[in-house]
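# Structural features, examined
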Amino acid sequence: MSNKIWVFIDQFKGHAHLASWEALGAGHKLAEKLGGGVTALVFGAQAKDVAAEAFQYGAAEVLYADDPTLADYRAEPYTALLVKLAKEQSPEVVLLPTTTRGRELAAMAAIDLNTGVMPDVTALDVENGRVVVTRPVYAGKLLAKAVCETNPQLVTTRIRAFPKPELNASLSGTPVAVGPAMDESAIPTKVAGYSQAAGGVSLTDAGVIVSGGRGVSNNPALTPPAGLDEKQAEVWRAQEGFKLVGELAGVLGGAMGASRAAVDAGYIPYEHQVGQTGKVVSPDLYIACGISGAIQHQAGMRSSKLIVAINKDPEAPIFRMARYGVVGDLFSIVPALSEAFRKRLGK
Amino acid sequence: MKIVVCVKQVPDSAAKVVVENGQVTWGDAPLVINPWDEFAVEAALVQKETHGGEVTVVSVGGESSKEALKHALAMGCGEALLISDPALAGVDSQAVARVLAAAIKKMGDVDLVFFGRQAIDGDMAVTAAQTGRALNWPALTLVSVISNLDPGAGAIRVERSTEEGRQIVEAKLPAIVSVVKDIGEPRYPSFMGIRKASRATIPTWAMADLGIGAPAAAVKWPELLNVPVREIQTEIISGDSPAEIADKLAEKILAEKVL
Ligand SMILES: Cc1cc2nc3c(=O)[nH]c(=O)nc-3n(C[C@H](O)[C@H](O)[C@H](O)COP(=O)(O)OP(=O)(O)OC[C@H]3O[C@@H](n4cnc5c(N)ncnc54)[C@H](O)[C@@H]3O)c2cc1C
Ligand SMILES: Nc1ncnc2c1ncn2[C@@H]1O[C@H](COP(=O)(O)O)[C@@H](O)[C@H]1O
């Protein structure tokens, strides 16, 4: 008999997104309450290492589709396959990680399966045999509990909201091979390639984020190179500031974030933006440098475990969210902090 | 080209949103067009300016949603349509998607439909994909660049923002496109646009006009909660020199065991 709980393992070119294992861990917890084991779904081309890994993270069964049409994620063949399998085997719950792919796949499968989708949840519970999710709404200003009255209950788990299970290298199994549900000729989209690498910025799964705001341009002591106009000089100053922010992030093994004001002023690319119209992050440590803490910025970092703020203005709202604060000039504090950690972390 | 853009009305992003007696309230904060949808309107207008045609802005919501539609008209959309029906109270995303799909079908000969990345009230970010699926059209989500659009050949090529960088995808029209910020900053409504929008009469369709019953909601929201207040005692670290402050702060952070 097949399992009630399925987890979609999101992979890219043979590498699973780490949040997939968090979703698998959440699946194990549900299985404890609802009974049975967890079935993992791996779709791709030559992704059998991912299927093997799914067993090591505790999947009781792995449905593995290996086909060139599934090499790059595309909505249509992935949705068609998930829907076909779900119609054949009637899982009660399908969990997916809230990656761009997982969210879209869940959304689309919900239409074909005539059911609902509950994306980006931060907690899962079971009441009367049904899943009750908790999801932040209004940019995390409120929490909503939601239930889906039809099966399968499609849920995507927020990245870093659920612990990753331990990998047990002694576990193994034989995946069940499943075939694709669509022919290439029937798929209406083609992937023509990738234009630009993501620049190594992965804010959503970073454990430490050091962010800079408009304050990073405010260092009158720096003299920009001759020949820059006022705006260019400001951007130059800001980039000097972001070097310090980036250095601290580097020492802590973390990623670099930014406020929208810094992004809009052209100091740093949009992919670094944290907040309502940027990324929602929940690292273990968030250090805000020269950021005032506007409500739209808070929306993106409110759920960080430990928040530290460095700001010249003692009245800056960011201090109200911070466990530790330094009222001072980031241009002297941030490099000193890098040095202090370098000494202590032996780097 | 016949272009549609879907917009939602939401409380302003700066609103203080709280639950009172189980109901969401946002005090006297204004209701505005969802900020992501302004990018969608911009993208629709740019395509119309390049290829000719008409842009119709559509919203599913209450009577007040006309204000969000008027904002889009003032930005330059030609027509607006409100879909409103008491039977739609409490519906979920897949139901809204089915309603939008039915409306798009009824409009006829639509080539492209633009969506925002997500609505900042429910933060679902699923409606574009679901509407595409309900229409059985390709849904190109999280688009940062439309690198080619050829209405004659019915072809579109876009760059999508994904975790690993920009994925270049080609599809045939008609298609759904949801946009992210890189698509281009939304324009401000012009003075003439605002005047025109303020005089516009916006037609309203009910379920009967769409020829469908209200789709049932699968997802229910039994409870809304305020976020538990985090008891934060802010400790300000001071000292005689940046180095002293930094040493103290580093010790405190290490003691929290978050690294
Ligand atoms: C619809 C909408 C969506 C938005 N989305 C986002 C979003 O996603 N993310 C986001 O961040 N914002 C967002 N905003 C913008 C937000 O409202 C604020 O404007 C923005 O966050 C401010 O950025 P900031 O803190 O860097 O700048 P400011 O508010 O200007 O703050 C700069 C801070 O730096 C401090 N400072 C200056 N010099 C120094 C120095 N040398 N050392 C130390 N401190 C110094 C100042 O005291 C000040 O507190 C959004 C706004 C709207 C309307
Ligand atoms: N009620 C609605 N009426 C029209 N468009 C909507 C509605 N709800 C959502 N949308 C569109 O779908 C996008 C994603 O919304 P959501 O899936 O709710 O986050 C929004 O940015 C809008 O473009």
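Residues numbered from 1 in each chain as written. Chains lettered and ligands numbered in written order. Predicted model: local features only at pLDDT ≥ 70, side-chain atom pairs only at ≥ 80, totals over all residues. Heavy atoms only, no water.

Time to look at the nonpolar core. Nonpolar side chains tend toward joint burial in soluble globular proteins. Counting residues in each nonpolar core, the largest one holds 84 residues, and the members touching the most others are A:Ile287, B:Val5, B:Leu112, B:Phe114 and B:Ile156. Discounting chain neighbours no more than four positions away, the residues touching B:Phe114 are B:Ile3, B:Val4, B:Val5, B:Cys6, B:Ala40, B:Ala43, B:Ala44, B:Gln47, B:Ile146, B:Val177 and B:Val179. By size, the runner-up hydrophobic cluster in this structure holds 55 residues, among which are A:Ala106, A:Ala107, B:Ala102 and B:Met207. (Core = buried A, V, L, I, M, F, W, Y, C linked by side-chain atoms within 4.5 Å. Buried < 20%, exposed > 50% of the residue type's maximum accessible area, 1.4 Å probe, protein only. Contact = heavy atoms within 4.5 Å.)

All names here are of chain A. The buried count for strand S4 (residues 38-44) comes to 7 of 7 residues, which makes it a mostly enclosed element. Sheet analysis places strand S1 (residues 5-9) next to S4, joined by 5 bridges and oriented parallel. When the bridges of S4 are listed, Val-7 appears paired with Ala-40. Sheet analysis places S4 next to strand S5 (residues 61-66), joined by 6 bridges and oriented parallel. Across the sheet, Gly-44 pairs through a bridge with Asp-66, a residue of S5. Handedness of the S4-helix H2 (residues 48-56)-S5 crossover: right-handed. (Helix = DSSP H or I, 4+ residues; strand = E, 2+ residues; numbered from the N terminus. Pairing = 2+ DSSP bridges. Right-handed = clockwise from strand over helix to strand, strands pointing away.)

Not every one of the 28 residues close to ligand 1 is listed here, only the nearest: A:Arg214, A:Ser259, A:Thr277, A:Ser292 and A:Gln296. Around ligand 1 the close residues trace back to chains A and B. Within the backbone of A:Arg260, an N or O atom sits 2.9 Å from an oxygen atom of ligand 1. For ligand 1, an oxygen atom lies 2.6 Å from a polar atom in the side chain of A:Ser292. Starting from 990 Å² of accessible surface for ligand 1 in isolation, the protein chains cover 80%. Counting atoms within 2 Å of the grid points, the majority share of ligand 1 lands in the second largest pocket. (Near = heavy atom within 4 Å. Polar contact = N/O pair within 3.5 Å; in protein donor to acceptor, adjacent residues only side chain to side chain. Areas by Shrake-Rupley, 256 points an atom, 1.4 Å probe, with all protein chains shown as cover. 1 Å grid on protein atoms, 1.4 Å probe; cavity = no way out; pocket = protein on both sides within 12 Å on 5 of 7 lines; lining within 4 Å. Sits in = over half its atoms within 2 Å of the grid points.)

So, about unusual backbone geometry. Following A:Asn151, the chain continues to A:Pro152 via a peptide bond in cis, the omega torsion being -10°. Summarising the element assignment, A:Pro152 is placed in the loop between strand S10 (142-148) and strand S11 (153-157). Along the chain, B:Leu173 connects to B:Pro174 via a cis peptide bond; the corresponding omega equals -5°. Secondary-structure assignment places B:Pro174 in the loop between strand S11 (165-172) and strand S12 (175-179). One non-glycine residue with positive phi stands out, namely B:Asn21, at about 50°. Mapped onto the secondary structure, B:Asn21 falls in the loop between strand S3 (18-20) and strand S4 (23-25). Even without being a glycine, B:Ala125 presents a positive backbone phi close to 55°. Mapped onto the fold, B:Ala125 is located in the loop between strand S8 (112-115) and helix H4 (127-135).

Here the focus is the sheet that holds strand S9 (residues 130-137) of chain A. If you trace the 4 strands from one edge of the open sheet to the other, you get S8(A)-S9(A)-S10(A)-S14(B), paired in antiparallel fashion. Of all the strands in the sheet, the pair left with one neighbour each is strand S8 (123-127) of chain A together with strand S14 (219-226) of chain B. The mean inter-strand angle of the sheet, taken between neighbouring strand axes irrespective of direction, is 25°. In terms of strand pairing, S9(A) meets S10(A) through 6 bridges, oriented antiparallel. Looking at S10(A), one finds that A:Arg135 is bridged to A:Ala144. Sheet strands touched by helix H1 (residues 18-34) of chain A: S8 and S9 of chain A. Its angle to S8(A), the strand with the most contacts, is close to 10°. (Axes fitted to C-alpha atoms, helices over the stretch in contact; angles between N-to-C directions.)

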